[in-house]
Amino acid sequence: MKSVLRRALPLALVFVVGLVVAFGAGVGYAQEERKSITGTWTIKGWNAGKDKIGAPDYSGTVEVEKKHAKGCYKLTWKIGDSELPGIGVYDKKSGVLGVAYVLKGKPGVILYRPDATNDTLEGLWAVEGGLDKPPGSEQWQR
């Protein structure tokens, strides 16, 4: 009986380690898939200095299109009858998206971070000419 256990133990150990590695790889793959930011998001935003507790100052959608496998993106906001283009870089490891845009001839930046489920992105933005105020905020949801 002891010799059977001695022979079976290494095989069982290899099997258990294999399961753990396979499960870990599956979880990692699921997280990578979950962190995809491409597609259309519903947005709502609050102007500089406004608190997110109140009603949003604007709402609409943003379309995120991947342009390069290493994290470069094209963005198009649609708010009312207006379209606003932007470009962004996305870090899959942290889930942070940095975006640059031009609004009425003035450059602006936004930094988004995901919530725990990656179904919501929370952003802070600033635009030239408004740097004397706290940043505005924007929320994206799937």
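Here is a short report on the structure shown in this document. (Residues numbered from 1 in each chain as written. Predicted model: local features only at pLDDT ≥ 70, side-chain atom pairs only at ≥ 80, totals over all residues. Heavy atoms only, no water.)

**Remarks on the overall build of the protein**
Line of reasoning, step 1. Summing up its helical and strand segments, the protein has 1 helix and 8 strands in all.
Line of reasoning, step 2. Beginning at the N terminus, the succession of helices and strands in the protein can be written as α-β-β-β-β-β-β-β-β.
Line of reasoning, step 3. Out of the 142 residues belonging to the protein, those deemed buried represent 27%.
Line of reasoning, step 4. Restricting the contact set of the protein to residue pairs at least 6 apart, pairs at least 24 apart contribute 32%.
Line of reasoning, step 5. Accessible surface for the protein amounts to roughly 9500 Å². Of this, 63% is attributable to carbon and sulfur atoms. (Helix = DSSP H or I, 4+ residues; strand = E, 2+ residues; numbered from the N terminus. Buried < 20%, exposed > 50% of the residue type's maximum accessible area, 1.4 Å probe, protein only. Contact = heavy atoms within 4.5 Å. Areas by Shrake-Rupley, 256 points an atom, 1.4 Å probe, with all protein chains shown as cover.)

**Some thoughts on the pairing of strand β5 (residues 96-103)**
Line of reasoning, step 1. Where strand β4 (residues 82-91) and β5 come together, 6 bridges link them in antiparallel fashion. Pairing of Gly86 across the sheet is with Tyr101, part of β5.
Line of reasoning, step 2. Where β4 folds back onto β5 in an antiparallel hairpin, the turn is made up of 4 residues, including Gly95, whose phi is positive at roughly 80°.
Line of reasoning, step 3. Connecting β5 to the next strand, strand β6 (residues 106-114), in antiparallel fashion are 2 residues, including Lys104 with a positive phi near 55°. (Pairing = 2+ DSSP bridges.)

**Quick notes on the sheet that holds strand β2 (residues 58-68)**
Line of reasoning, step 1. Strand order around the closed barrel formed by 8 strands is β1-β2-β3-β4-β5-β6-β7-β8, with antiparallel pairing between neighbours. With strand direction ignored, the average angle separating the axes of adjacent strands in the sheet is 30°. (Axes fitted to C-alpha atoms, helices over the stretch in contact; angles between N-to-C directions.)

**Describing the environment of Gly98**
Line of reasoning, step 1. Counting through the fold element by element, Gly98 comes out in strand β5.
Line of reasoning, step 2. The exposure class of Gly98 is partly exposed, given its relative accessible area of 23%.

**Details of the packing of aromatic side chains**
Line of reasoning, step 1. A complete count under the given rule lists 4 aromatic pairs for this structure.
Line of reasoning, step 2. For the pair Tyr112 and Trp140, a centre-to-centre distance of 4.3 Å together with 45° between the ring planes defines the contact as tilted. A residue pair is termed long-range when its members are at least 10 positions apart, and Tyr112 in strand β6 and Trp140 in strand β8 (residues 136-141) qualify at 28 residues. This pair shows no difference in class: Tyr112 is buried, exactly as Trp140 is. (Phe/Tyr/Trp six-rings, centres within 6.5 Å; stacked < 30°, edge-to-face > 60°.)

**Side note on the pattern of salt bridges**
Line of reasoning, step 1. Enumeration according to the criterion identifies 4 salt bridges in this entry.
Line of reasoning, step 2. The partner of Lys52 in a salt bridge is Glu122, and the shortest N-O contact between them spans 2.4 Å. Residue Lys52 is located in the loop between β1 (39-46) and β2, and its partner Glu122 is located in strand β7 (residues 120-127); the two are separated by 70 residues in the primary sequence.
Line of reasoning, step 3. For Lys67, the salt bridge identified is with Glu65, shortest N-O distance 3.3 Å.
Line of reasoning, step 4. A residue is classified by how much of its surface remains accessible, and Lys67, at 52% relative accessible area, is exposed. (Salt bridge = Lys/Arg side-chain N within 4 Å of Asp/Glu carboxyl O.)

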